[in-house]
Amino acid sequence: MKVDVLLGLQWGDEGKGKIVDVLAPQYDVVARFQGGPNAGHTLEFDGIKHVLHQIPSGIFRDTTKNIIGNGVVLDPIVFRTEIDKLQKYNLNVKSNLFISKKATLIVPTHRLLDQAYEKAKGENKIGSTLKGIGPSYQDKIGRQGLRVGDVLSSQFKERFQKLIDIHFEILKKHDVVFDWAPLEQQFMEAIEFLKQFNLIDSEYFINNEIKKGSSILAEGAQGSLLDIDFGSYPFVTSSNTVTAGACTGLGVAPKNIGEVYGIFKAYSTRVGSGPFPTELLDEQGERMRKQGNEFGSTTGRPRRCGWIDLPSLKYSIMINGVTQLLMMKADVLNIFPTIKICTQYKLSNGTITETVPYELVHEKIEPIYTEVKGWHTSLEGITEHKMPKELLDYITLLEKELGVPITLLSTGPDRTQTIHRKIK
Ligand code: GDP
Ligand code: IMO
Ligand code: MG
């Protein structure tokens, strides 16, 4: 069978964790293909909220195999903490989790470098989660990084020392002072812990699963507008968050990609710096943040909030080849009597466009809105066939504009607050 891909179409935090968990019973395998502990994927069921950073969101389903792919950057310390938190749920983590030997390791100096680089950027800081993502991908691309498979080598300690010696030099230039011994000890203990898991050649593993006819879901992290190539560079993350990233991040050939689920919020949010054309800096934005509980799952930072942005969504749909749309957090818009939809941008020279301009980062972009009537009522208990007319109108308008069916609607954080819609 083909590999289906689920990924965010905005700036992350669209609700990927919830939906991967909802869809996981339909899949034999769930695989993360990029990103690392910058991700915070929330799952909610049986009254408990779980946030996963490194571990794929299929882990709570008994029979689902979970892969951390070669495109991921893995922090063994975060990984260990996350596994420890899962202990009390008696999951089959040891047998259901597989980690690519080709995944890149995040070492403690990567986190220190992340902080140093952000500080040096001053006002132009990215607003990174400071989890060491940029520096670890830099080492990967610079061909000096350490990989998960290296932990099995008798020369691991020497290789580690060689890498951190390079980092120490840079940190010295940035005047960063730190106590190295406890960081190193914690890291080495986490490496020993990591060795107990299935460290595999995940590209063979996943291709064997494809051959066997297993169903596979690739779980994206971050969002398409944070992609290293297509996002609002330099205010992006350091990996390819788009569908193509699933091919390189897992070793899956493009011809083996099946459905592409594009997930988006009924409005927009962004954490960290960078352009956000529809951002609401007024009381409405504040209400949206409060209603949507828009605070980062990884850093706790307040998320910037704004109306839905169709030019950006169309761009993401184009780059990803989205075949189905999943709309999240419709319930957050319950509080608004009217809802705005950005359909075009007006550039500073007066040009009106539906495309995302290259100058996005430096241009003052003015959103052009259509305003529609909101449903302005609770969505509790609604079904595919019984929902407020204004909500159905909103969905229909988006489907028409975006040219892709919305096959799932989410109206709350819990697994059960999910409505599947049939493609007509
Ligand atoms: P992810 O990074 O894409 O997995 O998303 P996050 O977990 O960072 O952020 C999504 C947040 O919205 C989490 O707190 C979810 O529990 C919550 N959430 C998901 N779907 C819905 C929904 O339909 N309605 C509401 N109100 N909250 C939701
Ligand atoms: P999930 O998977 C939202 C943002 C950061 C910052 C920029 C670069 O939960 O959707 P990085 O730590 O990668 O150097 O940060 O990207 N960012 C995210 N925003 N959701 C995420 O992940 C994010 N991961 C990174 O806030 O602006
Ligand atoms: Mg998140």
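Look a little higher up for the structure.
Residues numbered from 1 in each chain as written. Chains lettered and ligands numbered in written order. Predicted model: local features only at pLDDT ≥ 70, side-chain atom pairs only at ≥ 80, totals over all residues. Heavy atoms only, no water.

**What about the pattern of salt bridges?**
Now for step 1: Summed over all chains, the structure comprises 21 salt bridges.
Now for step 2: Of the charged contacts in the structure, one is a salt bridge between Asp21 and Arg61, with a shortest N-O distance of 3.6 Å. With Asp21 in helix α1 (residues 16–23) and Arg61 in the loop between β4 (48–52) and β5 (65–68), this residue pair connects regions lying 40 residues apart in the sequence.
Now for step 3: Accessibility expressed as a relative area gives 1% for Asp21, which makes it buried.
Now for step 4: Linking Glu294 and Lys329 is a salt bridge whose minimum nitrogen-to-oxygen distance equals 3.0 Å. (Salt bridge = Lys/Arg side-chain N within 4 Å of Asp/Glu carboxyl O. Helix = DSSP H or I, 4+ residues; strand = E, 2+ residues; numbered from the N terminus. Buried < 20%, exposed > 50% of the residue type's maximum accessible area, 1.4 Å probe, protein only.)

**Here's the deal with the sheet that holds strand β1 (residues 3–8)**
In a beta sheet, neighbouring strands are held together by backbone hydrogen bonds and run either parallel or antiparallel to one another.
Now for step 1: The ten strands are arranged β9-β7-β5-β2-β10-β1-β11-β15-β19-β20 in an open sheet whose pairing can be described as mixed. Two strands bound the open sheet, and with one partner strand each, they are β9 (198–200) and β20 (418–420). Each neighbouring strand pair of the sheet contributes to a mean axis angle of 20 degrees, computed without reference to strand direction.
Now for step 2: In this sheet, β20 lies alongside strand β19 (residues 406–410) in antiparallel orientation, the contact comprising three bridges. (Pairing = 2+ DSSP bridges. Axes fitted to C-alpha atoms, helices over the stretch in contact; angles between N-to-C directions.)

**Side note on the coordination of the magnesium ion (ligand 3)**
Now for step 1: In this structure, Asp13 (OD) and Gly40 (O) serve as the protein donors to the magnesium ion (ligand 3), at separations of 2.1 to 2.2 Å. On the criterion of sequence distance, the pair formed by Asp13 in the loop between β1 and α1 and Gly40 in the loop between β2 (29–32) and β3 (41–45) is long-range, its members being 27 residues apart. (Donors = N, O, S within 2.8 Å, 3.2 Å for Na, K, Ca; no water.)

**Quick look at the environment of Pro108**
Now for step 1: Within the secondary structure layout, Pro108 lies in helix α4 (residues 108–121).
Now for step 2: Since its relative accessible area comes to 2%, Pro108 is described here as buried.
Now for step 3: Residues Pro108 and Trp180, 72 residues apart in the sequence, show an inter-C-alpha distance of 9.0 Å.
Now for step 4: Once you skip the residues sitting within four places of it in the chain, Pro108 turns out to touch Ile77, Trp180, Leu183 and Phe187. (Contact = heavy atoms within 4.5 Å.)

**Quick look at the packing of aromatic side chains**
Now for step 1: For the structure shown, the criterion picks out 15 aromatic pairs.
Now for step 2: Each ring, one from Phe98 and one from Phe205, has its centre 4.6 Å from the other, and the planes form 35 degrees; the classification is tilted. Note that Phe98 is positioned in strand β7 (residues 97–100) and Phe205 in helix α8 (residues 202–212), a separation of 107 residues in sequence. For the pair formed by Phe98 and Phe205, the shared burial category is buried. (Phe/Tyr/Trp six-rings, centres within 6.5 Å; stacked < 30°, edge-to-face > 60°.)

**Brief notes about the site of ligand 1**
Now for step 1: Ligand 1 sits among 20 residues. The nearest are Lys16, Thr42, Ser297, Asp331 and Ser410.
Now for step 2: With respect to ligand 1, the backbone of Gly17 contributes an N or O atom lying 2.8 Å from an oxygen atom.
Now for step 3: Note that a nitrogen atom of ligand 1 is positioned 2.7 Å from one of the side-chain N or O atoms of Asp331.
Now for step 4: Bound to the protein, ligand 1 loses 94% of the 580 Å² it would expose on its own.
Now for step 5: One can see that ligand 1 is located within the second largest pocket. (Near = heavy atom within 4 Å. Polar contact = N/O pair within 3.5 Å; in protein donor to acceptor, adjacent residues only side chain to side chain. Areas by Shrake-Rupley, 256 points an atom, 1.4 Å probe, with all protein chains shown as cover. 1 Å grid on protein atoms, 1.4 Å probe; cavity = no way out; pocket = protein on both sides within 12 Å on 5 of 7 lines; lining within 4 Å. Sits in = over half its atoms within 2 Å of the grid points.)

**Let's talk about the site of ligand 2**
Now for step 1: Looking at ligand 2, there are 21 residues lining it, with Asp13, Lys16, His41, Thr129 and Thr237 nearest.
Now for step 2: Contact between ligand 2 and Lys16: an oxygen atom at 2.7 Å from a side-chain N or O atom of the residue.
Now for step 3: Here an oxygen atom of ligand 2 and a side-chain polar atom of His41 are 2.7 Å apart.
Now for step 4: Protein contacts shield 97% of the accessible area of ligand 2, which totals 550 Å² for the unbound molecule.
Now for step 5: In the shell around ligand 2, the residues fall into eight nonpolar, ten polar and three charged. (Nonpolar A, V, L, I, M, F, W, Y, C, P; charged D, E, K, R; others polar.)

Keep in mind these numbers describe shape, not what the thing actually does.
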